Amino acid sequence: MNTTEQKQKPSVPKRQRMAPNERRAHILDAAQSLFFAHGWDNVTIADVLKQAGISKGGFYHHFTAKEDLLDGIVQHFTGEALKTAQAVRAAAKGGALDRFNAFLAETNRWKVQQGAQLKFFIDMMLRPGNEMLSHRITASVDAIALPVLHDIISHGVDEGAFDVPDIDLVAGTIIAMSHDRRKALQSAVQTAQAGGIAEATTRLNDRMTAEAALMDRMLGLPQGSIMLSKPSDYRLMLEAIVHA
């Protein structure tokens, strides 16, 4: 082969080198885009390999099964929501209660913007027969959310704003309320999908108002201190889920 032919020969692009944590994040990004677009049942590991441009060995170096992808995606999704809300909490003026309410408000605002993603997780958790996957989602969320909630309550106790008998117990009880909220959310989503968006909004808002009242009592606050009632946000969230 002469020099001219060597110069004209197309070069084969080399596989991009990534650090292990970057490679894992790259695989999760590929899986997330596929799951959100096509649903859990319609995506295979082979689809993820193709989307991420990796070998089977590269995949199994980071994950042992398709379900492990779900854990990673839930943790990333929850982590992003809490990271955004924590930044707003840190920037908020006032005491522990003001910062907690700012955190809660930002959490709601963030969810409103995630219609397609929320629809995916809600479908996964509420679908009959998906109890095992639902449990994995719950465990992944709790692993990230519980320490954040514990920190928020601890700061409130240190400032004298919250009066609780046991921080771990109160934080765990508040998390448990979010687990029980699924039935109310399922009912609200089904009602919204049937065209009753106003009724669905009221139903979900009533549930959150009740949760806020319980949180007031657990944190030793006057009634009406915790702000979880915001119908406008719940309506937007339900509309985003329905139209995703």
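Our subject is the structure that appears above.
A.B. asks: Requested: an account of helix H2 (residues 20-38), with residues and values cited.
C.D. replies: Each α-helix winds once per 3.6 residues, and so residues spaced three or four apart point in a common direction. If you check H2, its first and last C-alpha atoms are 27 Å apart, about what 19 residues at 1.5 Å a residue would give, namely 27 Å. Residues of H2 that are buried: Arg 23, Ile 27, Leu 28, Ala 30, Ala 31, Gln 32, Leu 34, Phe 35 and Phe 36. Positive phi shows up at Gly 39, right after H2, with a value of about 95°.

A.B. asks: Give a description of the packing of aromatic side chains that names residues and reports values.
C.D. replies: Tallying each qualifying case throughout the model produces eleven aromatic pairs. When the centroid spacing of 5.0 Å and the interplanar angle of 40° are considered together, the rings of Phe 35 and Trp 40 count as tilted. Exposure remark for Phe 35: the relative accessible area of 1% places this residue in the buried category. Judged by centre distance (6.4 Å) and plane angle (35°), the rings of Phe 100 and Phe 103 are tilted. One end of the pair, Phe 100, and the other, Phe 103, are both in helix H6 (residues 96-112), three residues apart, so they sit about a helical turn from each other. Both residues of the pair, Phe 100 and Phe 103, count as buried. Counting every residue linked through ring pairs, the aromatic cluster contains Phe 35, Phe 36, Trp 40, Phe 77, Trp 110, Phe 120 and Phe 121. Over the ring of Trp 40 we find Lys 66; its NZ or CZ atom is 4.4 Å from the centre of that ring.

A.B. asks: Before we move on, could you go through the packing of helix H5 (residues 66-91) against helix H8 (residues 131-159) and cite the residues and values that matter?
C.D. replies: The contact between H5 and H8 brings their axes to 8 Å, and the two run at 25°. Taken together, the axes of H5 and H8 lie roughly parallel to each other. Considering only the axes of H5 and H8, their crossing is right-handed. Residue-level contacts link Glu 67, Asp 68, Leu 70, Asp 71, Val 74, Gln 75, Thr 78, Gly 79, Leu 82, Gln 86 and Arg 89 of H5 to Leu 133, Arg 136, Ile 137, Ser 140, Val 141, Ile 144, Ala 145, Val 148, Asp 151, Ile 152 and His 155 of H8.

A.B. asks: I'd like a rundown of the environment of Glu 22, residues and numbers included.
C.D. replies: Counting through the fold element by element, Glu 22 comes out in helix H2. Spatially, the C-alpha atom of Glu 22 lies 22 Å from that of Val 43, the residues being 21 residues apart in sequence.

A.B. asks: I'd like to hear about the environment of Gly 115, residue by residue, with values.
C.D. replies: Along the chain, Gly 115 turns up in helix H7 (residues 115-126). Given the relative accessible area of 8%, Gly 115 is considered buried. For the pair formed by Gly 115 and Glu 199, sequence separation is 84 residues and the distance between their alpha carbons is 19 Å. Once you skip the residues sitting within four places of it in the chain, Gly 115 turns out to touch Ala 240, Ile 241 and Ala 244.

A.B. asks: How would you explain the packing of helix H10 (residues 197-218) against helix H11 (residues 231-242) if you had to name every residue and give the values?
C.D. replies: Running from amino to carboxyl end, H10 crosses H11 at an angle of 125°, the nearest separation of the two axes being 9 Å. What the angle tells us is that H10 and H11 run oblique. The handedness of the crossing between H10 and H11 is right-handed. Residue-level inspection shows Ile 197, Ala 198, Ala 200, Thr 201, Leu 204, Asn 205 and Met 208 of H10 in contact with H11, the latter providing Pro 231, Tyr 234, Arg 235, Met 237, Leu 238 and Glu 239. Residues of the contact of H10 with H11, tallied by class, amount to nine nonpolar, two polar and two charged.

A.B. asks: Before we move on, could you go through the pattern of salt bridges and cite the residues and values that matter?
C.D. replies: Summed over the entire model, instances satisfying the criterion amount to eleven salt bridges. For Arg 136, the salt bridge is made with Asp 71, and the minimal N-O distance between the two is 2.4 Å. On the criterion of sequence distance, the pair formed by Arg 136 in helix H8 and Asp 71 in helix H5 is long-range, its members being 65 residues apart. Using a relative accessible area of 16% as the deciding quantity, one classes Asp 71 as buried. The residue Arg 235 makes a salt bridge to Glu 239 at a minimum N-O spacing of 3.2 Å. Taken together, the positions of Arg 235 and Glu 239, both in helix H11 and four residues apart, correspond to about one turn of that helix. Here Arg 235 falls in the partly exposed class, since its relative accessible area comes to 33%.

Definitions and limits used
- Residues numbered from 1 in each chain as written.
- Predicted model: local features only at pLDDT ≥ 70, side-chain atom pairs only at ≥ 80, totals over all residues.
- Heavy atoms only, no water.
- Helix = DSSP H or I, 4+ residues; strand = E, 2+ residues; numbered from the N terminus.
- Expected span 1.5 Å × (residues − 1).
- Buried < 20%, exposed > 50% of the residue type's maximum accessible area, 1.4 Å probe, protein only.
- Phe/Tyr/Trp six-rings, centres within 6.5 Å; stacked < 30°, edge-to-face > 60°.
- Lys NZ or Arg CZ within 6 Å of the ring centre and 35° of its normal.
- Axes fitted to C-alpha atoms, helices over the stretch in contact; angles between N-to-C directions.
- Parallel < 35°, antiparallel > 145°, perpendicular 65-115°, else oblique.
- Left-handed = near helix turned anticlockwise from the far one by under 90°.
- Contact = heavy atoms within 4.5 Å.
- Nonpolar A, V, L, I, M, F, W, Y, C, P; charged D, E, K, R; others polar.
- Salt bridge = Lys/Arg side-chain N within 4 Å of Asp/Glu carboxyl O.

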